[in-house]
Structures are given as structure tokens and as C-alpha cells.
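# Descriptive structure summary
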There are 2 protein chains.
Amino acid sequence: MKRTVSHLADGREIIYFDERDDAVRDRPDRRELPAPPFASELRHDPLLEEWVAVAAHRQGRTFLPPADECPLCPSTPERATEIPAYDYQVAVFENRFPSFSHRGGRGRCEVVCFTSDHSSSFASLSPAQVRLVVEAWADRTAELSTLPGVKQVFCFENRGEEIGVTLHHAHGQIYGYPFVTPVTARMLAAAERHRARSGGDLFADVLAGERADRVRIIGVNEHWTAFVPKAARWPFEIHLYPHRHVPDLPALTVAERTAFGPLYLDVLRRLDGVYGLSMPYVSGWFQAPVAAHAPAARDLFRVHLRLFSIRRAPGKLKYLAGSESAMGAFINDIRPEDAAKMLNAAPAGGSRGMSPRT
Amino acid sequence: MKRTVSHLADGREIIYFDERDDAVRDRPDRRELPAPPFASELRHDPLLEEWVAVAAHRQGRTFLPPADECPLCPSTPERATEIPAYDYQVAVFENRFPSFSHRGGRGRCEVVCFTSDHSSSFASLSPAQVRLVVEAWADRTAELSTLPGVKQVFCFENRGEEIGVTLHHAHGQIYGYPFVTPVTARMLAAAERHRARSGGDLFADVLAGERADRVRIIGVNEHWTAFVPKAARWPFEIHLYPHRHVPDLPALTVAERTAFGPLYLDVLRRLDGVYGLSMPYVSGWFQAPVAAHAPAARDLFRVHLRLFSIRRAPGKLKYLAGSESAMGAFINDIRPEDAAKMLNAAPAGGSRGMSPRT
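In what follows, the accompanying structure is described. (Residues numbered from 1 in each chain as written. Chains lettered and ligands numbered in written order. Predicted model: local features only at pLDDT ≥ 70, side-chain atom pairs only at ≥ 80, totals over all residues. Heavy atoms only, no water.)

All right, on to helix α3 (residues 202-213) of chain B then. All names here are of chain B. For α3, built from twelve residues, the straight-helix expectation of 16 Å at 1.5 Å per residue is met to within 8% by its first-to-last C-alpha distance of 16 Å. Among the residues making up α3, those that are buried are Leu 202, Phe 203, Val 206, Leu 207 and Glu 210. The buried residues of α3 occupy an angular sector of 130° when projected down its axis, which confines them to one face. Taken together, the buried residues of α3 touch α2 (182-198), β9 (217-220), β10 (224-227), β11 (236-242), α5 (297-300) and β13 (304-309). Two or three places before Phe 203, at the start of α3, stands the capping residue Asp 201, its side-chain oxygen 2.9 Å from that residue's backbone nitrogen. Just downstream of α3 lies Arg 214, where phi reads positive at about 65°. (Helix = DSSP H or I, 4+ residues; strand = E, 2+ residues; numbered from the N terminus. Expected span 1.5 Å × (residues − 1). Buried < 20%, exposed > 50% of the residue type's maximum accessible area, 1.4 Å probe, protein only. Arc of directions from axis to C-beta. Contact = heavy atoms within 4.5 Å. Polar contact = N/O pair within 3.5 Å; in protein donor to acceptor, adjacent residues only side chain to side chain.)

This is the structure we're talking about:
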């Protein structure tokens, strides 16, 4: 695996990840670009004790460009995109329209291009390509964790116009937050209370409970289990836990990194198979906060992936309306056991060899 | 004001609210209806320590019916709707497709019809009609608070297909939750910490801060202030606070109830005026939990209304994608001060006499 660091015309970093150690990624960015926007602003909400980012420059961000203007495709002799190389495997660069900016130690936002193929999707990547994406996620998590002011790293993918995606090219994002996110802080508090109460590991106990219940399991291999959680909030929600206590992606072993792809691809293909439709989804890695900021959290928090779709039927979406958006109280229209049944009955496209039920 | 209680064919309650004390609402429901669905199920998420409702029967709920099949219009000799009366002012009835069910003491869900006029909206109601809606909200809050198992009452309106509304007729909902909602619990904890730290009232201090800053105020009258909060999460977000410490709607004085409508209508009309478009929004009353379940909360929590829109530009919506939906970390594309400026510059349709800037 080769990692090549370069810079775009406005000073932003770009990092290429290649399987071949002899890959050459030395084309310069030949565009003239204005300086990146000023740092976004952080504001504290005293009623919920949470930080909110104000990033007004994002209003002008690229919005659903046609394929021949895609900024995530490789450059060509005729057209310069965000990626100067004429070809790439996986590329990561600093977002031109960041929600947080690393200027002033206030975080950092990166874009991850999963493939150079404009019309592909994560679900259609090869396991080897997913393996390279995992390396990129782990690398970026480790590197962003060293930046002053970054307290948590979140690698995620938004997929589908229904969920607000503004670029079709298969890509994800990486946020280096200047704070521990509200949801992570709540999970840590719950894990701490659980340990104080029972002496147990909350994530291990949840995983053991799901494996004992069996009815919501979507797939298992030696290192990972995928399941619909018992208290799922979304019509289709799937969590992937590693079997070992691992706080973040850089701490995964080679075997764990390799085993992730086939299981995740199986889950993604089943999700699209439920209605025979490309499903909108959000998928992201929940990781322990950066060790320097929360050393105790590494012992409490287990890295895991959460994926959910807002599609509740072929022609219907689940919206976050009053109860969810205002009160934080979720109502799920599909029983988690029924969602698991639908996912298990869906054509996977991939192998079913890893399922505990075969 | 007259309040008439009756029952629908399947046993659900319907309550009419009329300005005139001689209103007669005695038409029976002539439909044959199946029994209401079983209670929804509550599941506890141990990782976020929150309750999630599973209500699978809601998948079959009415979805965007044409106007001549609207279930919220008055009945006619030819067609029986959810409202047996041939005319009404404000009507409240138990939801046929509830997220929570009162069977087994697990909460209750009601629908509030703001007007019998199918093609109206809240923003076009008269102040007198809003006054009647306020009475209905206060009445339902008081009554639902007496039900065993109801711990918090939430009166809210979802408006616009963009936000998932499935019926166009102007209506809101009332949820009697069988738990204190996650957001309310967090606010209460923050108010408690604020009091322990400073001795102060968090809501009073936030309101005083907004009034001192002035730049985000949208409107003020003797009893209420409307403002865009300093750490707004949404492109357009407006909070309405009463000037006095009041825990819930039933505790509002007659003068406070009467003063609410004109200010709120001004806010709603400005919101639609920003882009000259009918804006999708969620608007709801944050109230102290039911006294019997949380007596200390009445002293800590101030009732207030929060309204937000997901529209960030004429052709663009704010979606809750990875950062917001998964991590709870909001990024706002519009500076709260700019949103306040846009709202203040928008045509109100109503009187500007109450603004502090005139």
C-alpha cells in the first residue's frame, strides 16, 4: 500500500491511497483557486449544552453538478477537478466547503473518494477496494487525532439525494470535530454508568445480547457481527461491531480490517435488495474520542459502524418531524425483527457463507 | 368558550372547542370502524439510555389523500370523516394511527384540527381562532397530564410535504409521552447545573441575553419575546418565550394566552415572507414534564415554543445527514444574525406595532 501526500492550488492537502507500492501521483493542480474560506464559528447552546457550528460559506457549495462537471472524478488533459491525478484508487482531500476548518485549531473536514469510477457506489466496490478505503479511514483517523483541537474523528458516507447528497460520485467525508459529539458523549456516559452498576462492558453486553437473541442478526464472520439493534430508531438500521474491544479504526488488526469489507458489502447489497431500489442511507464509524482528550474513553468505547436508511417503503420516506427533531423521541414504523427478516430475505448479490444461519 | 366531548365509532374521544357557548356538536359518527390498533411497543436503547417507540401499524396510515377524501374536513350528509360534525371551529380527536396508545397506560396521541377550512394554514388564522387553539392546547395538556403513564405532553405542528406531512388540512398533533423526552431531560439537567453553578434561572438568563443582544429579536410584546437563538441549529429557527416563569400551557394567564397569537402569526407570516414561499416547518411547545412525575421540574423549566424550518434557500433544503443524524452535531449554513435580518426584512402581512424597533 502506498500513501502519497500532495497539495491543491489553494494549499489544501490531498492524499492518495494505492494498492501498488509503485503508484506515482505527482500531477500538480493546475487551477487558480481563491484562498479557502475563513474558519467556521462554534457557538455553545446553553440549554442543551452542545456546540453548534455556523458555516455560512457552505451555502455556495457545489450542488448536484452534471457528470461531466463532477469535481471528484480524476482530472483529464482538458478538465481540472479537485483531484489532479488522471487516475486514482482512493483519494482524500480537505473539503473546499468545510463545516469546520483546521485554521485556528478548530477541526478539519476531508472528502474521501471511494473510487475513480463516477457511476459506481460503495456497494459495488470489490473487497480489495474496500480494504483500501479502510486503510484510508484508519490513516486519516490516526493523523487527524494528532491535530491540536481535534477531539473526535468521524468517517461517514451520506448516500442518495433523498438524504441531501449534493455530489453523486461515490464519496464519504471525514470530520475532525473540535469537540466530543453529543451522541458520543451520551454513549460514554451510559457505558460509564453501566460499568459502575454492573462491572460490565456495555458494548460487549449489547453484542452478546444481540447474538443470544439471534432474530436480528444480519451476518457474522470471525471478527464482526452485523445486526439490527433491538431499539432501532430507523426503518432500516444496522450496526457492525468488532468482536474484540477496539476503541478506534487505527487499533483494528490486519485481520479485522480485511474481514470488514465482505460483511459490509453483504449488508449494503441486502439493503438495496429489500425493495430492489438503491436505498438512501447514512453510514458512519463511531469511534472513541481522541486519546489525549479523553484517555478513559478508550477503555469504555468500542468502535462500531452504524448504517441507517430513511426509506420505510418503496414510495415513502421516514422524516424526522416534531417528535424526533424537536423532542429526540423516535417512532419506528418497522419492527426491528421484521426489518431483519426483510434484510435476510433480500438478495445479497454476495456470498451468504458467513451467515450463522447457513 | 364551550368544550364538547363525544366519541367516534371505534371508541376514540373527540373534543370540540367553540367560541360560542351555545354551539351544539351532537352529530354521531355513522361509520363502522375496526377496533383501534394494539398499543405500540416501547424499547429501551441502552447505549443512549433513551426510549424508542415501535408502531408498525402506522405503516398503513393515510398518505396525502385528495382534498375530497380529507379525513380532517367536517362530515357532510354524503361523506363521513374523522369529524362527525358538519362544521367545527377547533376539533381534537385521538389519532387512529397513534405512535403511542393509552391502552395499558402507555401514552396517548391526538390530532388537533386548527380550522374546518381545508385550504387554510396556521399563518392565515385570525387571532381569535389562534386563541381558541391555545385553549385547546392548554386543555389537552391539563387533561393528558392526569392520565396514568403520561409523563410529558407535547403540542406540535408539522407543516409541509418537505417535512413528511401526510395530510394537507391545517392540523397539529399532541403526544402524551410515557416518558420524559430526551431533549427535555437534557434541558432540565442543564437548568439544574446552571442553578447549582450560578443560582440563576437558565431560561430567564437566556431570554435576558437575547434581549440584551437585540440583533436576533424578531418581535416583542408585553408578554412574549420571539428571537432566533444565538446557537440556532436550523437555517430558520425561532423561539418564543413568555416573560414570566411559567412551566406549561395551563399555567399561562388569560393575558398571556391572548398575547401569544398576534406575535406568533407575525412570526409565521415573516417566515413565509423570507423567500415568498410557503415554508415547511416544525413548531412545538416545550413544557415541563407532568408535575406528579417530576415536581422539581416545574420550578426549573419554562414553557416555550420552538419553530424551525429546513428550507435554507428557495430550491434547497437542510438535510439531517451524517453529522446531525448520527453524531448529534449540527452545522448551520445561515448565521443566526443573518436569519434574523431576513425575517425582520420580510413582509409580515400583519401589524409591526409590537416590534421593539418601530
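Right, picking up where we left off after that structure.
To continue, consider the interface of chain B and chain A. Frequently, the measure chosen for interface size is the accessible area removed from exposure when the parts meet. Counting residues at the interface gives 75 residues for chain B and 74 residues for chain A. Here chain B and chain A share an interface that buries about 6300 Å² over both sides, 58% of which is from carbon and sulfur atoms. Interface area lost by chain B to chain A is led by Leu 47, Gln 59 and Met 327 of chain B, which between them contribute 14%. Linking chain B with chain A are ten salt bridges, by the criterion used here. (Buried area = accessible area lost by both parts, 1.4 Å probe. Salt bridge = Lys/Arg side-chain N within 4 Å of Asp/Glu carboxyl O.)

What follows concerns the sheet that holds strand β4 (residues 50-54) of chain B. Strand order in the open sheet formed by three strands is β16(A)-β4(B)-β3(B), and the pairing between neighbours is mixed. Among the strands making up the open sheet, the edge pair consists of β16 (330-332) of chain A together with β3 (41-45) of chain B. In this sheet, adjacent strand axes meet at a mean angle of 35° when their direction is disregarded. (Pairing = 2+ DSSP bridges. Axes fitted to C-alpha atoms, helices over the stretch in contact; angles between N-to-C directions.)

The next point concerns the relation of the copies chain B and chain A. Note on the identical chains: chain B maps onto chain A by a rotation of 180° and an axial translation of 0.0 Å, with an RMSD of 0.0 Å. Viewed as a symmetry operation, the transformation between the two copies matches a two-fold axis. Rotation axis and chain B: the residue whose C-alpha lies nearest the axis is Leu 320 of chain B, separated from it by 4.2 Å. When the interface residues of chain B are mapped onto chain A, 99% of them again lie at the interface, so the same face is used by both copies. (Least-squares fit on C-alpha atoms with pLDDT ≥ 70 in both.)

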